[in-house]
Amino acid sequence: MNLSRRTVLAATGATAAISATTSATSAGAAHAQSGDTAEEHVEAAGTVGFDALLQRAETLLTGGAFDPSDADFAAAVAALDATAKGLWEALDRGAGRTALWPDLSPVTDPGNFGQSYTRLRTLATAWATPGTSLAGSAEAADALVAALRFAHDTAYNPAKRETGNWWFWEIGAPRALMDCSVLLRDHLPAADLAAYLAVVDRFCPDADRRTNSPTLAETGANRTDKAVIVALRGLLGQDAAKLASARDALSDVRDSGRNSLFRYTSSGDGFYQDGSFVQHDVVAYTGTYGAVLLGGAAYLLSLLADSEWAVADPSVSVMYEAVERSFAPVVFDGLMMDAVRGRAISRERAGDHRDGAAAVAAILLLATGAPAAYADRWRELVKGWLTRNRTTPFASLATLPQLALAKAVLNDRTIHPGPRTTGHFVFADMDRVVHRQARWGCTLSLSSKRISAYEAGNGENLHGWYTGDGMTYLYDGDDLGQFNDGFWPTVDPYRLPGTTVDTRERTDFGTDAGTSTYRPTNAVAGGAVLQERYGAAAMELIGPAGTTLRTKKSWFLLDNAVIALGADISSSDGRAVETIVENRNLGPNGAQRLLVDGVRQPAQQGWTQKFGHARWAHVDGVGGYVFADPTDVHALREERTGTWRAINTGADTGGSTDPVTRRYLTLWVDHGVSPAGAGYSYVLLPGASAAATAVWSHSRPVRIVANDTTAQAVEARRQGLTAVNFWGAGTVAGISASGPASVLVQRRGRELTAAVADPSRTLTSLTVELPFLVSRVVTADDTVSLAPGRRPVLTVAVGGSRGHTHTATFS
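Residues numbered from 1 in each chain as written. Predicted model: local features only at pLDDT ≥ 70, side-chain atom pairs only at ≥ 80, totals over all residues. Heavy atoms only, no water.

## Looking at the overall build of the protein
Part 1: Regarding its fold elements, the protein presents 16 helices and 37 strands.
Part 2: Counting only C-alpha atoms, the protein reaches 80 × 60 × 50 Å along its principal axes.
Part 3: Counting every position in the protein, which comprises 811 residues, the buried fraction comes to 62%.
Part 4: Here the contacts in the protein between residues at least 6 apart in sequence split such that 69% fall between residues at least 24 apart.
Part 5: Total accessible area on the protein is roughly 28,100 Å²; 49% of this is exposed by carbon and sulfur atoms.
Part 6: A distance of 6 Å separates the average location of the 74 positive side-chain charges in the protein from that of its 84 negative side-chain charges. (Helix = DSSP H or I, 4+ residues; strand = E, 2+ residues; numbered from the N terminus. Buried < 20%, exposed > 50% of the residue type's maximum accessible area, 1.4 Å probe, protein only. Contact = heavy atoms within 4.5 Å. Areas by Shrake-Rupley, 256 points an atom, 1.4 Å probe, with all protein chains shown as cover. Lys, Arg positive; Asp, Glu negative; His and termini not counted. Charge placed at Lys NZ, Arg CZ, Asp CG, Glu CD.)

Okay, here's the thing in structure tokens:
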């Protein structure tokens, strides 16, 4: 299957071990610093040698031995064969060819030769896999050898100068070329292999540096990608120094570990201690670049195990911790949440299930060499994901190596499926908030002057304008296709759930080469978490150039409800401003029932109506919506048609022009033209029945106590919980704060717990006064001190805490 350039092809593996076959070609170089031959050097060390590692690299591509009678493996072989057949039939094998495939002409274009090598890898994999129509074919082997030679001589050789997208030159093409060389190593003439090693030495000689800009250190996923390339080049050339260089790049020993992949970062690319993952300096990217990094690290750990170059850095535990800290909260039944997929949301062939499958594969591969305490938990976690996802089963997305790992877990009765991840997660370092319950999840995509609202470029994600403006993703265990089933090419990009938008017409952003980001100017984005269960999140929305829109947005996330508040909605541009309560993808034929205040509404497409003073609404299969005050709510049913090409014109990831049609049900609040001080308040009740929604609307178990420019706050009396987002110094519900802050206070019996964060990151110290008498501190973070009294005052040292939560419990 053809996937995007960011698909985790490195995250492959197999449980079956294959004995080493014949050695690689004789083109390899001797050990860089020894008079002995490379194999003699390794054998003397008593470890796995080059030939065995090359066979392991082949197994990581093909999956090794498998049971051809197993239906899942048979289906995977058939899928590979079908793709390879199409590529084989279209491959130009003529002597006078100018390209390998007509749609990738001219082959000298970086995107075209990059994709050509990727297709050749698919053909080589099929040739090396038993059961395909090309398996072991002498004709296919000869054609592949000739095609690689043509691509080298015509487009990709050391004499060429980098043009266009650097990625194809330094990562995409050399990785696919090295994989092809591994698979075809016994058929490649020595001169050809030497030429291919030379081209890698030209464009990817060092995993630490950007070749076309040597002063730029590689970071994050790019560094991992290059380390894999350098390792494969070292194996094929029997160059021990190259293998050592690849291994050391993970720890960045040359630069004292400053860009090590095995350390938490505090700026720029990489994993953060709060679980965030950032790439391109300012983009939340756990779901794509993060998975690539994890997969690449897992690949090298597996590839080099038991050899002289095995990864022995104890700081590799950062990778182990990332599985549960960074990935588990953003994977829902095997799909990867779109809020952390960046511009990949616009890629037709890389939906949330496919990127989720890539992360699953990376975790399973990492588990093969991780300590049992980690690996056992991961396999239970993954088994839960695999068994619950019946919408897009992993087997339908996996390569043979990935499938082998998954089947081993599924068939092991001692591994029990883990439950869904639950809890509240504030990823302050990437402006994301994730709230997980047993049956549903809610993710908030925020942005600030620190984290981009969206990324576009190279023709990708052309309509991502509002995805970081508080877009609210609601995930339901019974509807795993919501954002994967044609959502992005068909949704109205001006009406993303949870956003408040100026209705001005926007132009495509990101049509130029290279990637671009947009960071707004607001400081507040983030929130606090109490007992890993409740959360308060806030974002000040300041519109980009061309609009004067500003507002203050809050979300309070509880056991069965999400309360959304907006205050001080202002604009002076003469255009209408809307807040989108919901915009649900109902699928190609959806006609789910809509109730408004208990009255069933029409189901025909094109129907729209304004409901004056609505109190609640309910959508079958989704849940309820309660309006804290009687609200003028607009509803619309519409059938929308779009194309993937309209949102992604990228050379290698661009979508098709085939029309996609989906039905939508939209609920929104119209704040009017040039509103001044407008607001909204509504409650999401995910999975609630219509009856439960009506009861909630009547009983109001959560009370909104403030929604203005000073603070936004709610009280959940049954839980003894008060949650406040302060926009400045003020007092609400008996709680006072000296500046902007997110505060949650819960009283249970004789104990009081407080959680405080500064989502603006503008303060050094914050004082919070509580309305309860306390006698002593039970537990408290080092950053929290208490001045006792009838109304105790907490002093919280928030400076340098990066928006993270500070907690204390009192008696």
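## A closer look at the sheet that holds strand β4 (residues 277–279)
Part 1: In spatial order, the strands read β3-β4-β5; together these three strands make up an open sheet with antiparallel pairing. The open sheet has two edge strands, β3 (270–271) and β5 (283–284), and neither has a second partner.
Part 2: Pairing between β3 and β4: two bridges, direction antiparallel. The partner of Gly270 across the bridge, within β4, is Val278. (Pairing = 2+ DSSP bridges.)

## Points about the state of the cysteines
Part 1: A complete count under the given rule lists zero disulfides for this structure.
Part 2: Distance from the sulfur of Cys204, which forms no disulfide, to the nearest cysteine sulfur (Cys180) is 16 Å.
Part 3: Residue classification places Cys204 among the buried residues on the basis of a relative accessible area of 1%. (Disulfide = S-S within 2.5 Å.)

## Remarks on the confidence of the model for the protein
Part 1: Mean pLDDT over the protein works out to 92, with 94% of the residues at or above the 70 mark.
Part 2: Note that residues 1–46 has pLDDT below 50 and, in this model, 123 contacts with residues that lie over four places away or in other chains. (pLDDT = per-residue confidence, 0-100.)

## Here we look at the sheet that holds strand β10 (residues 440–445)
Part 1: Here we have four strands laid out as an open sheet, ordered β8-β9-β10-β12, and antiparallel in their pairing. Every other strand in the sheet has two partners, leaving β8 (423–427) and β12 (471–476) as the edge strands with one partner each. For this sheet, the mean angle separating the axes of adjacent strands, direction not counted, is 10°.
Part 2: Relative to β10, strand β9 (residues 432–436) is paired through five bridges, and the arrangement is antiparallel. (Axes fitted to C-alpha atoms, helices over the stretch in contact; angles between N-to-C directions.)

## Comments concerning the nonpolar core
Part 1: With 169 residues, the main nonpolar core has Tyr117, Leu120, Leu123, Leu303 and Trp488 as its most contacted residues.
Part 2: When residues in this core are grouped by element, the largest group, 12 residues, is from helix α6 (residues 166–183).
Part 3: With residues up to four places along the chain from it excluded, the contact list for Leu123 reads Ala84, Leu87, Trp88, Leu91, Trp101, Leu134 and Leu144.
Part 4: Grouped together as the second largest cluster of nonpolar side chains are 38 residues, Leu557, Phe611, Ala635 and Ala678 included. (Core = buried A, V, L, I, M, F, W, Y, C linked by side-chain atoms within 4.5 Å.)

## Regarding the layout of surface pockets
Part 1: As a volume, the second largest pocket reaches approximately 900 Å³.
Part 2: As for the second largest pocket, its lining consists of 43 residues, of which Trp166, Arg210, Asn222, Asp269 and His280 are closest to the centre.
Part 3: With three residues, the top contributor of residues to the lining of the second largest pocket is α6.
Part 4: The residue makeup of the lining of the second largest pocket, split by class, is 12 nonpolar, 19 polar and 12 charged. (1 Å grid on protein atoms, 1.4 Å probe; cavity = no way out; pocket = protein on both sides within 12 Å on 5 of 7 lines; lining within 4 Å. Points joined across faces, edges and corners; volume = space filled by probe spheres on them. Nonpolar A, V, L, I, M, F, W, Y, C, P; charged D, E, K, R; others polar.)

## Quick word on helix α11 (residues 317–327)
Part 1: Among the residues of α11, Val318, Met319, Tyr320, Ala322, Val323, Ser326 and Phe327 are the ones counted as buried.
Part 2: Contacts from the buried residues of α11 go to β3, α10 (286–303), β6 (331–332), β7 (335–336), α12 (352–367) and α13 (372–388).

## Some words on the side chain of Thr129
Part 1: Topologically, Thr129 is positioned in the loop between α4 (110–127) and α5 (138–154).
Part 2: At a separation of 2.6 Å, a polar atom in the side chain of Thr129 contacts the main-chain carbonyl oxygen of Thr125.
Part 3: Apart from the residues lying within four places of it in its own chain, the contact partners of Thr129 are Thr62, Phe66, Leu80, Ala135 and Leu400. (Polar contact = N/O pair within 3.5 Å; in protein donor to acceptor, adjacent residues only side chain to side chain.)

## Brief notes about the side chain of Asn112
Part 1: Tracing the sequence through the fold places Asn112 in helix α4.
Part 2: You can call Asn112 buried: its relative accessible area is 11%.
Part 3: Those residues within four positions of Asn112 in sequence are excluded, and the remaining contacts are Asp103, Leu104, Ser105, Pro106 and Val107.

## Some remarks on the pattern of salt bridges
Part 1: Taken as a whole and judged by the stated rule, the model has 41 salt bridges.
Part 2: A salt bridge links Lys407 to Asp70; the shortest N-O distance between them is 3.1 Å. Of this pair, Lys407 sits in helix α14 (residues 400–410) while Asp70 sits in the loop between α2 (50–62) and α3 (71–90), and the two are 337 residues apart along the sequence. Here Lys407 matches Asp70 in class, with each residue buried.
Part 3: Across the salt bridge formed by Asp502 and Arg575, the nearest N and O atoms sit 2.8 Å from each other. Residue Asp502 is found in strand β13 (residues 500–502), and its partner Arg575 is found in the loop between β18 (562–570) and β19 (576–587); the two are separated by 73 residues along the sequence.
Part 4: Using a relative accessible area of 23% as the deciding quantity, one classes Arg575 as partly exposed.
Part 5: Members of the salt-bridge network, linked through shared partners, are Glu170, Arg210, Glu218 and Lys226. (Salt bridge = Lys/Arg side-chain N within 4 Å of Asp/Glu carboxyl O.)

## Some remarks on the environment of Ala159
Part 1: Tracing the chain through its elements places Ala159 in the loop between α5 and α6.
Part 2: Given the relative accessible area of 73%, Ala159 is considered exposed.
Part 3: Between the C-alpha atom of Ala159 and that of Arg202, which follows or precedes it by 43 residues, the distance is 8.9 Å.

## Some words on the pairing of β12
Part 1: Taking burial as the measure, the six residues of β12 include six buried ones, the bulk of the element.
Part 2: The two faces of β12 match: Met471, Tyr473 and Tyr475 on one face and Thr472, Leu474 and Asp476 on the other face are all buried.

## Quick notes on the packing of aromatic side chains
Here a ring pair, both rings aromatic, is described through the centre-centre distance and the interplanar angle of the planes.
Part 1: The tally for this structure, following the rule as stated, stands at 30 aromatic pairs.
Part 2: With 6.3 Å between their ring centres and 50° between their planes, Tyr466 and Tyr494 make a pair best called tilted. One end of the pair, Tyr466, is in the loop between β11 (454–457) and β12; the other, Tyr494, is in the loop between α15 (487–490) and β13, and 28 residues separate them in sequence.
Part 3: Classification of Tyr466 by relative accessible area gives buried; the value is 4%.
Part 4: Where Trp607 meets Phe611, the ring centres are 6.3 Å apart and the plane angle is 55°; that geometry is what we call tilted.
Part 5: A network of ring pairs unites the aromatic residues Phe332, Tyr473, Tyr475, Phe483, Phe487, Trp488 and Tyr664 as a single cluster.
Part 6: Between Arg93 and the ring centre of Trp88, over which it is positioned, the NZ or CZ distance is 4.0 Å.
Part 7: The ring of Phe150 has Arg97 lying over it, and the distance from NZ or CZ to the ring centre is 4.9 Å. (Phe/Tyr/Trp six-rings, centres within 6.5 Å; stacked < 30°, edge-to-face > 60°. Lys NZ or Arg CZ within 6 Å of the ring centre and 35° of its normal.)

## Observations concerning the environment of Met178
Part 1: Of note, Met178 is situated in helix α6.
Part 2: Owing to a relative accessible area of 0%, Met178 belongs among the buried residues under this scheme.
Part 3: Each C-alpha atom, one on Met178 and one on Val230, is 9.2 Å from the other, the two residues being 52 residues apart in sequence.
Part 4: Once residues lying within four places of it in the same chain are set aside, the contact partners of Met178 are Tyr196, Leu197, Val200, Ile229, Leu232, Arg233 and Leu236.

## Some details on unusual backbone geometry
Part 1: Backbone torsion omega between Ser105 and Pro106 reads 5°, so that peptide bond is classified as cis.
Part 2: Along the polypeptide, Pro106 turns up in the loop between α3 and α4.
Part 3: We note that Asp431 has phi near 55°; this positive angle belongs to a residue other than glycine.
Part 4: Here Asp431 lies in the loop between β8 and β9.
Part 5: By relative accessible area, Asp431 is classed as buried at 1%.
Part 6: Its identity as a non-glycine residue notwithstanding, Gln531 has a phi of 55°, on the positive side.
Part 7: Examined against the element boundaries, Gln531 turns out to sit in the loop between β15 (525–530) and β16 (534–542).
Part 8: For Gln531, a relative accessible area of 42% corresponds to the partly exposed category.

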